[in-house]
Amino acid sequence: MPVSPSQKRIALLVIGLVILFAPALFVLATLEFLILSGNLALSDISLLEFVELYLIDLVLFVLLGYGVYRLTFWLIQDQLPDALATVDETEAAGTTDDTETTGTVGEEQS
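Residues numbered from 1 in each chain as written. Predicted model: local features only at pLDDT ≥ 70, side-chain atom pairs only at ≥ 80, totals over all residues. Heavy atoms only, no water.

Here the focus is the overall build of the protein. Broken down by element type, the protein carries 2 helices and 0 strands. When the 110 residues of the protein are sorted by exposure, 5% land in the buried category. Accessible area for the protein stands at about 9300 Å²; split by element, carbon and sulfur atoms hold 69% of it. (Helix = DSSP H or I, 4+ residues; strand = E, 2+ residues; numbered from the N terminus. Buried < 20%, exposed > 50% of the residue type's maximum accessible area, 1.4 Å probe, protein only. Areas by Shrake-Rupley, 256 points an atom, 1.4 Å probe, with all protein chains shown as cover.)

Next comes the structure, spelled out in structure tokens:
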């Protein structure tokens, strides 16, 4: 089923919003943990420190996402064809074994 241009735009918008707001959620979770543990008072943090923490989380989030993307791409491109070839060889050997032992090809079970 072909993907329409509007669906591509929506997907890009969602990805962009996740990249924009996920680090903010990490910052809030970090600050909440530090406040609840008693190691930080909210009045001690300036706006510049908020922005700095957000930018650090944004960079780390993007790097993590890129790492997951590259790992997935590597697995699909390099590892999956080898694994599929092994499965095909195993199935072919299994079919040959069935033919040799029974004299006929086994029927597929539903």
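Together, Leu 12, Ile 15, Ile 19 and Val 62 make up an exposed nonpolar region whose accessible area comes to about 360 Å². In terms of residues, the nonpolar patch owes the most to one element, helix H1 (residues 5–36), which gives 3 residues. With respect to the helices and strands, Ile 19 occurs in helix H1. (Patch = residues over 30% accessible without salt bridge, like charges linked within 9 Å, V, L, I, M, F, W, Y side chains within 5 Å. Salt bridge = Lys/Arg side-chain N within 4 Å of Asp/Glu carboxyl O.)

What follows is about the UniProt feature "transmembrane region" (unreviewed entry) in the protein. In the numbering used here, UniProt assigns the "transmembrane region" (unreviewed entry) feature to residues 12–35 and 47–69. The span residues 12–35 is 100% helix and 0% strand, and its two end C-alpha atoms sit 35 Å from each other. The straight-line gap between the two end C-alpha atoms of residues 47–69 is 33 Å; of that span, 100% is helix and 0% is strand. (UniProt positions renumbered as here; feature names shortened; annotations may be inferred.)

Bringing the side chain of Asp 57 into the picture now. Note that Asp 57 resides in helix H2 (residues 47–102). Within the buried core, Asp 57 has no salt-bridge partner, and the shortest N-O distance to an opposite charge, that of Arg 70, equals 23 Å. (Lys, Arg positive; Asp, Glu negative; His and termini not counted.)

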